[in-house]
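# Secondary and tertiary structure notes
Residues per chain are reported as follows:
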Amino acid sequence: MKRIVRIGLAAACSLVVASAIAQNAPPTPEQQAQTAVDQRQAAFKLLAWNMGPLGGMARNRVPFDAAVVKVRAERIAQLAAMIDDLYGPDTTAFADLKTESLPGIWKSKDAFHGKAMDLANAATALATVAATGDQGETVKAIGGVGKACGSCHDDYRAEH
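Residue positions are counted from 1 within each chain, in the order its sequence is given. Per-residue local features are limited, in this predicted model, to residues with pLDDT of at least 70; the limit for side-chain atom pairs, both in listing and counting, is 80 or more; totals at the level of whole chains, interfaces and linings are taken over all residues. With hydrogens and water excluded, all non-hydrogen atoms of the structure serve as input to the side-chain values.

Take the nonpolar core next. Joining through side-chain atoms within 4.5 Å is the link that ties buried Ala, Val, Leu, Ile, Met, Phe, Trp, Tyr and Cys residues into a set, and such a set is a nonpolar core. The classification of residues rests on relative accessible area computed with a 1.4 Å probe and restricted to protein chains. Under 20% of the type maximum is buried, over 50% is exposed, and intermediate values are partly exposed. Ile-76, Ile-83, Leu-119, Leu-126 and Val-145 are the most contacted members of the largest nonpolar core, which totals 32 residues. Only DSSP runs of H or I with at least four residues qualify as helices, and only runs of E with at least two residues qualify as strands; both kinds are numbered from the N terminus onward. At the level of elements, helix H2 (29-58), helix H3 (66-86), helix H4 (104-107), helix H5 (109-132) and helix H6 (135-156) are the ones that each hand at least two residues to this core. Among the elements that take part in this core, H5 stands out by supplying 9 residues, more than any other.

Spelled out as C-alpha cells, the structure:
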C-alpha cells in the first residue's frame, strides 16, 4: 500500500512540475509571430483613433480645434516612429496569421522605413502648423498626413 501511495505521490509531483515548466516555457515561433502581429495591429488602431478627428476637421464634419490637432499629430508622429521597430520580425512564414501586412515590407525594408518616417515627418509638420492656429494651413497639413498614410497602404497593406 505504501508503495502505491509513493508512486501516486511521485506521479502527482511530476505532473505539477511538468505543468509549471510548460507554463514558463519560452514562446514558440508561432506565438512570437502572433505577438508581433498583435502589437502592430494595436499601434495601427491607435494611429487610426488619432487620425479620426483630424479627418473630421479636414472635411468640416467636426469643429476645428487647433489644440486637438496638435496633440493628435504629436501622437501620430510618436507612433509612426515605432512602425519600423514593429516590423522587425518577418512573420510571412506563418500562413495562419491574420494580417494585412504584405511581404514587400521585409523585401524592401529601407523603402518601408522611409514611408514610416514620411508619416512621422508629416505629423510633426502638422503639429507645428497647428500650433499657429491657422486653420487653412492646418487642414492642408492634415492632407499631408493622410497622403503619407495612404502611400504606405498602397504599397504594403493588403486590401480586404
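Once you've had a look at it, read on.
Our focus in this paragraph is the side chain of Arg-40. Inspection of the secondary structure puts Arg-40 in helix H2. Neither His nor the chain termini are counted; the positive set is Lys and Arg, and the negative set is Asp and Glu. A side-chain nitrogen of Lys or Arg and a carboxyl oxygen of Asp or Glu constitute a salt bridge if their distance falls within 4 Å. The side chain of Arg-40 sits in the buried core without any salt bridge; Asp-90 is the nearest counter-charge, 7.3 Å away. Contact between two residues is taken to exist if any of their heavy atoms lie within 4.5 Å; hydrogens are not considered. Apart from residues lying up to four places away in sequence, Arg-40 is in contact with Leu-86, Tyr-87, Pro-89, Thr-91, Thr-99, Ser-101 and Trp-106.

This part is about the pattern of salt bridges. Across all of its chains, the model carries 5 salt bridges by this definition. Between Lys-70 and Glu-74 there is a salt bridge, with its nearest N and O atoms 2.4 Å apart. Residue Lys-70 and its partner Glu-74 are located together in helix H3, separated by 4 residues, close to a single helical turn. On the accessibility criterion, Glu-74 (34% relative accessible area) is partly exposed. Between Glu-137 and Lys-140 there is a salt bridge; the shortest N-O distance is 3.3 Å. With Glu-137 and Lys-140 both in helix H6 and 3 residues apart, this pair spans about one turn of that helix. With relative accessibility at 38%, the residue Glu-137 sits in the partly exposed group. Overall, the relative accessible area of 60% leaves Lys-140 in the exposed class.

With that out of the way, let us pick up the packing of aromatic side chains. Each pair of aromatic rings taken from Phe, Tyr and Trp, with Trp reduced to its six-membered ring, is defined by centres within 6.5 Å and is described as stacked if the planes are under 30 degrees apart, edge-to-face if over 60, and tilted in the remaining cases. For the coordinates displayed, the defined rule picks out 4 aromatic pairs. Judged by centre distance (4.9 Å) and plane angle (70°), the ring pair of Tyr-87 and Phe-112 falls under edge-to-face. Placement of Tyr-87 in the loop between H3 and H4 and of Phe-112 in helix H5 is noted, with a sequence separation of 25 residues between them. Neither residue differs from the other here; Tyr-87 and Phe-112 are each classed as buried.

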